[in-house]
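As a plain string of letters, each chain reads:
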Amino acid sequence: VNGNLTQTQDTPSNVFATFNPLVNSMAGGYAQNYINYTNGNTTAIGSASTNNGNTFSTLAVSQGKWYWELKATGGSGTYPAFGAINELHMNGSGTAHIGQDTLSYSYNADGTKSNSASQTAFGSSYTTNDIIACALDLDNGAIYFAKNGTWQNSGVPTSGASKTGSAFNFTPVNSYGMGFTMYNTTTGGNANFGNGYFGTTAVASAGTNASGIGIFEYDVPTGYTALST
């Protein structure tokens, strides 16, 4: 077959997360299936003009410190919304809309953050080609977000129990994965869970990564690693 090949970091012994098109969550009235997936399920774009699309990662974790990135497409109010969600909602209990219940947390395109449907000021707004990073600390119960390499709210993901500048502090319950909500056909994003690509575009300049697992655009905070097997 003629065409271009893309080298990935995936191996039989270490598989990186992707968006999960197999999740069939209609909970809370927010349908998961208003999404078009491409590029090996690492690109997700809304497919309906007046509906939210919600997607989650194929992997979830219950302890440790984890890092992932998203290059945004479009921006419409609070969308896209990007963050972490509990496995209970990944399985269809509660609302799939990120940031709309007690067990999901989002950094939104208008610069706000959301949890339990409570939207508050947080950081800078973002739009097409901005790269948003999420650092999830399940050992201390904290989540941090960065825009284009700058941790919002002066966050320090390596601060441990002090949780300096975290977007949210919480008591972990069960396990968590990436959560992503988009609206209409102009919003979405390209995830990099460690393969070093946003869609078909390689990271511009790989950051440092102490774990040595995965290739990311920006420096991975010490102690954090890719969401992979």
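Above this text is the structure in question.
Residues numbered from 1 in each chain as written. Predicted model: local features only at pLDDT ≥ 70, side-chain atom pairs only at ≥ 80, totals over all residues. Heavy atoms only, no water.

Digging into the overall build of the protein chain
Our working definition: Labels follow the DSSP assignment, with helices taken as runs of H or I lasting at least four residues and strands as runs of E lasting at least two, numbered in each case from the N terminus. Computation of the radius of gyration draws on C-alpha atoms alone. For the globule rule, the value is 2.2 Å times the number of residues to the power 0.38. Buried means the residue's accessible area, taken with a 1.4 Å probe over protein chains only, is under 20% of the maximum for its type, while exposed means over 50%, and partly exposed covers the values in between. Charge counting follows a simple rule: Lys and Arg are positive, Asp and Glu are negative, and His as well as the terminal groups are ignored. Here the site of a charge means NZ on Lys, CZ on Arg, CG on Asp, or CD on Glu.
On a plain count of helices and strands, the protein chain comes out with one helix and 17 strands. Since a compact globule built from 229 residues should have a radius of gyration of about 17 Å, the 16 Å found for the protein chain is in line with a globular shape. With the C-alpha coordinates aligned to their principal axes, the bounding extent of the protein chain is approximately 50 × 40 × 30 Å. The buried share of the protein chain, taken over its 229 residues, is 55%. Put simply, the protein chain has 5 plus and 10 minus side-chain charges, and the middle of one group is 7 Å from the middle of the other.

As for the nonpolar core
The tendency in soluble globular proteins is for nonpolar side chains to be buried side by side. Counted only if it meets this: Buried Ala, Val, Leu, Ile, Met, Phe, Trp, Tyr and Cys residues that are joined via side-chain atoms within 4.5 Å together make up what is termed a nonpolar core.
Counting 46 residues, the largest nonpolar core has Trp68, Phe82 and Ile143 as its most contacted members. Taken together, the elements giving at least two residues each to this core come down to β1 (35-38), β4 (65-73), β5 (81-86), β6 (104-108), β9 (131-137), β10 (142-147) and β13 (176-183).

Let's talk about the side chain of Lys147
Counted only if it meets this: N or O atoms closer than or at 3.5 Å make up a polar contact, with two conditions inside protein: a donor-capable atom paired with an acceptor-capable one, and, for residues adjacent in sequence, both atoms drawn from side chains. The contact rule is simple, with two residues in contact once any of their heavy atoms fall within 4.5 Å.
Within the fold, Lys147 resides in strand β10. Polar side-chain contacts of Lys147 include one of 2.6 Å to the backbone oxygen of Ser125. Dropping the residues within four chain positions of it, Lys147 is found in contact with Tyr107, Ser124, Ser125, Tyr126, Asp130, Ile131, Ile132 and Gln152.

Some thoughts on the pattern of salt bridges
Condition: A pairing counts as a salt bridge when a side-chain nitrogen of Lys or Arg comes within 4 Å of a carboxyl oxygen of Asp or Glu.
Considering all chains together, one arrives at one salt bridge under this definition. Lys147 is the partner of Asp130 in a salt bridge, and the nearest nitrogen-oxygen pair spans 4.0 Å. Separated by 17 residues along the polypeptide, Asp130 in the loop between β8 (118-121) and β9 and Lys147 in strand β10 bring together distant segments of the chain. Among the residues examined, Asp130 registers a relative accessible area of 13% and is labelled buried.

A closer look at the sheet that holds strand β7 (residues 112-115)
Basically, it comes down to this: At least two bridges found by DSSP between two strands is the condition for calling them paired. A fitted line through C-alpha atoms represents every axis, and for helices the fit uses only the stretch in contact; the resulting angles, taken between N-to-C directions, go from 0 to 180 degrees.
Spatially, β3-β13-β5-β6-β7-β8 is the arrangement adopted by the six strands of the open sheet, whose pairing is antiparallel. The sheet terminates laterally at β3 (52-56) and β8, the two strands that pair on one side only. Put simply, the sheet's adjacent strands are angled 20° from each other on average, direction ignored.

What to know about the packing of aromatic side chains
Note the threshold: In this analysis, rings of Phe, Tyr and Trp, with Trp reduced to its six-membered ring, are considered paired at centre separations within 6.5 Å, and the interplanar angle assigns stacked below 30 degrees, edge-to-face beyond 60, and tilted for intermediate values. Distance and angle both matter: a charge sits over a ring if NZ of Lys or CZ of Arg is within 6 Å of the ring centre and within 35 degrees of the ring normal.
Evaluation of the coordinates by the stated rule reveals 14 aromatic pairs. Note on Phe19 and Phe180: the rings are 5.7 Å apart at their centroids and 15° apart in plane angle, and the pair reads as stacked. Taken together, the positions of Phe19 in the segment before β1 and Phe180 in strand β13 put the pair 161 residues apart, joining distant regions of the chain. The two residues Phe19 and Phe180 agree in class, both being buried. Relative to Tyr126, the ring of Tyr107 lies with its centre 5.1 Å away and its plane at 65°, an arrangement referred to as edge-to-face. You can see Tyr107 sitting in strand β6 and its partner Tyr126 sitting in the loop between β8 and β9, a full 19 residues away along the chain. With relative accessibility at 0%, the residue Tyr107 sits in the buried group. Through a chain of ring-to-ring contacts, three or more aromatic side chains come together here, namely Phe19, Tyr37, Phe82, Phe180 and Phe193. Taking NZ or CZ as reference, Lys113 lies 5.1 Å from the ring centre of Phe168, over its face.

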